[in-house]
Amino acid sequence: MSSMEPLKLTYFEFQGPAEAIRLALTIGKIPFTDEVIPFETWKTSKPLASPWGQLPYLTLPSGEVFGQSHAMLTYVGRLTSLLPPSPLEALTCESFVQYINQDLRDRKISSTMRIKNDAEKIEARKQLNDFTLPEMLDSLISKIPSSGYVCLGRLTVADLSLYTFLNWVGSNVLDGIDGRRIIKERERLVVFMEMMEGVEGVREWNLEKRKGKLPIDFRS
């Protein structure tokens, strides 16, 4: 891969569903171009290169372009060995990724962003803050082995999915959701985040791209 033109990942500046892919490539020491598109530019003239009319998308050295963040994370996970080659181990890993990104992020949180009525949105966020997120995170914690990694006792794309999800929720950018408190009250999650901050590629990426924003202090 290093002798070829680098991969190019196209997304907005913020973390979103592209961040786990960025981290996987950085950890795997695979050169890539982090193409950032200003949000206003995307709104007014969506690039024709996007295969599904969405961001993020990944351009391969061959010029082929692919969308869908989960598919891209799976692909990059295979390139970097952050997704195990064993079908059973990959199934284990992918089940955690889907729970985090599909059930927690998309079905529970992102769905509230589409609620037009303010009162209904406030109530939905209250339910998330008081009940749904704590319960779903507790369920996830109960399945994390003693190693501290999400699964298989080693670093995988599942860890990157959880890490980026908790950074999003823990940044308290979601009105009505005190994500920092929810995480702070769960020692296993705090220890997990501290462990992830010590991963070389994560630390390197955050120093270069997220300085002043990450890491989040969940202890104070």
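Note that this is a predicted model, so its numbers are computed, not measured. (Residues numbered from 1 in each chain as written. Predicted model: local features only at pLDDT ≥ 70, side-chain atom pairs only at ≥ 80, totals over all residues. Heavy atoms only, no water.)

**Student:** Can you help me understand the UniProt feature "domain: GST C-terminal" (unreviewed entry) in the protein chain in this one?
**Tutor:** The positions UniProt marks with the feature "domain: GST C-terminal" (unreviewed entry) are residues 86-216. Summarising residues 86-216: 69% helix, 0% strand, and an end-to-end C-alpha distance of 34 Å. (UniProt positions renumbered as here; feature names shortened; annotations may be inferred. Helix = DSSP H or I, 4+ residues; strand = E, 2+ residues; numbered from the N terminus.)

**Student:** Just checking my understanding: could you explain the side chain of R186 for this structure?
**Tutor:** By the element assignment, R186 lies in the loop between α7 (179-184) and α8 (187-197). Residue contacts for R186: discarding those within four places in its chain leaves P134, D138 and I141. (Contact = heavy atoms within 4.5 Å.)

**Student:** Sorry if this is basic, but what is going on with the nonpolar core here?
**Tutor:** Soluble globular proteins: nonpolar side chains tend toward being buried together. In this structure, F165 and L166 are the most contacted members of the largest nonpolar core, which totals 65 residues. For this core, the element with the highest residue contribution is helix α6 (residues 157-170), accounting for nine residues. The residues touching F165, leaving out its near neighbours within four places in the chain, are I100, L104, R105, I109, L133 and L137. (Core = buried A, V, L, I, M, F, W, Y, C linked by side-chain atoms within 4.5 Å. Buried < 20%, exposed > 50% of the residue type's maximum accessible area, 1.4 Å probe, protein only.)

**Student:** Please explain the layout of surface pockets as it appears in this structure.
**Tutor:** Space left empty within the atom packing is revealed by a probe, the size of a water molecule, rolled over the atoms. Taken as a whole, the largest pocket spans an internal volume of roughly 1100 Å³. Lining the largest pocket are 37 residues; nearest its centre among them are Y11, G16, P17, P56 and R105. Taken together, the elements giving at least two residues each to the lining of the largest pocket come down to α2 (39-44), α3 (69-80), α4 (87-109) and α6. Per element, the largest residue contribution to the lining of the largest pocket is five residues, and it comes from α4. Residue composition of the lining of the largest pocket, grouped by class: 15 nonpolar, 15 polar and seven charged. Computed from the structure, the second largest pocket encloses a volume of approximately 190 Å³. Listed by contribution, the elements that provide at least two residues to the lining of the second largest pocket are α1 (19-27), β2 (32-36) and α9 (200-209). Counting residues per element, the lining of the second largest pocket draws most heavily on α9, at four residues. Residue composition of the lining of the second largest pocket, by class: five nonpolar, one polar and five charged. (1 Å grid on protein atoms, 1.4 Å probe; cavity = no way out; pocket = protein on both sides within 12 Å on 5 of 7 lines; lining within 4 Å. Points joined across faces, edges and corners; volume = space filled by probe spheres on them. Nonpolar A, V, L, I, M, F, W, Y, C, P; charged D, E, K, R; others polar.)

**Student:** In this structure, what is going on with the side chain of N101? I would like to understand it.
**Tutor:** With respect to the secondary-structure elements, N101 resides in helix α4. Within the structure, the side chain of N101 is placed 3.5 Å from the side chain of S161, a separation counted as a polar contact. (Polar contact = N/O pair within 3.5 Å; in protein donor to acceptor, adjacent residues only side chain to side chain.)

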